[in-house]
Amino acid sequence: MEWLALSIPILAAAWVYSDAKSCGSSSPKLWAIGVFGLLIIFLPLYFIMRPSKKSRVVKLCPYCGKYYKGIPTFCPNCGKHLQGIK
Ligand SMILES: [Zn+2]
């Protein structure tokens, strides 16, 4: 059973690292180390602190040139249709 006890924190740390990185977290390594060392404490903490992907995405509207957050269907500034624009 030792391999199981060891592989769970490793997998959790690897997932947290890649997830924190994709969310734009400034310290994915610290989260991974924390989860690996203190899984019981840091994993729930990560879910609480985790930056939401939607709210952190800031994009530039190609029509009006203003920044908007999230993934709205229409630009909140000029009202142009934005879906499908990357
Ligand atoms: Zn716009």
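It should be noted that the structure appears before, not after, this text.
Draft legend 1. Spotlight on the environment of P76. When you line up the elements, P76 lands in the segment after β2 (67-69). A sequence separation of 15 residues divides P76 from C61, and the C-alpha atoms of the two residues are 9.4 Å apart.

Draft legend 2. The arrangement of the coordination of the zinc ion in detail. Coordination of the zinc ion by the protein involves C61 (SG), C64 (SG), C75 (SG) and C78 (SG), with metal-donor separations of 2.2 to 2.3 Å. Here the zinc ion is ringed by 4 donor atoms whose angles at the metal span 105 to 116°, and the overall shape comes out tetrahedral. One chain supplies every donor to the zinc ion, and in sequence these donors are spaced C-x2-C-x10-C-x2-C. Note that C61 is positioned in the loop between β1 (58-60) and β2 and C78 in the segment after β2, a separation of 17 residues in sequence.

Draft legend 3. Seen up close, the nonpolar core. Membership of the largest hydrophobic core is limited to 8 residues, which are A12, A13, V16, A20, W31, A32, V35 and Y46. Elements represented by at least two residues in this core include exactly α1 (2-22) and α2 (28-37). With 4 residues, α1 is the largest single contributor of residues to this core. In contact with A32, other than residues within four places in its own chain, are A13, V16 and Y17.

Draft legend 4. Summary view of a nonpolar patch on the surface. On the surface, a nonpolar cluster with roughly 330 Å² of combined accessible area is contributed by W3, L4 and I8. The topology assignment puts I8 in helix α1. The exposure class of I8 is partly exposed, given its relative accessible area of 44%.

Basis of the calculations
- Residue positions within a chain follow its written sequence, with the count starting from 1.
- Residues qualify for local features only when their pLDDT is at least 70, as the model is predicted, and side-chain atom pairs are given and counted only at 80 or more; totals for whole chains, interfaces and linings, by contrast, use all residues.
- Remark: hydrogens and water are excluded; side-chain values derive from all non-hydrogen atoms of the structure.
- What counts as a helix is a DSSP run of H or I of at least four residues, what counts as a strand is a run of E of at least two, and both are numbered from the N terminus.
- Sodium, potassium and calcium take a 3.2 Å donor cutoff, other metals 2.8 Å, and in both cases only N, O and S atoms count; water is not among them, so sites may look incomplete.
- Irregular is the label for any site that misses the other tests, which are tetrahedral for four donors with all angles between 85 and 135 degrees, and square planar for four donors or octahedral for six when opposite donors exceed 155 degrees and the remaining angles lie between 65 and 115.
- In these notes, a set of buried Ala, Val, Leu, Ile, Met, Phe, Trp, Tyr and Cys residues joined through side-chain atoms within 4.5 Å is what counts as a nonpolar core.
- Partly exposed residues are those whose accessible area sits between 20% and 50% of the maximum for their type, while under 20% is buried and over 50% is exposed, using a 1.4 Å probe and protein chains only.
- Whether two residues touch is decided by their heavy atoms; if any such pair falls within 4.5 Å, the residues are in contact.
- Here a patch means residues that are over 30% exposed by relative accessible area and free of salt bridges, tied together within 9 Å if like-charged and within 5 Å if nonpolar (Val, Leu, Ile, Met, Phe, Trp, Tyr).
- In this description, accessible areas are obtained by the Shrake-Rupley approach with a 1.4 Å probe, and a residue is regarded as covered only by the protein chains that are shown.
- Salt bridge, as used here: a side-chain nitrogen of Lys or Arg that lies within 4 Å of a carboxyl oxygen of Asp or Glu.

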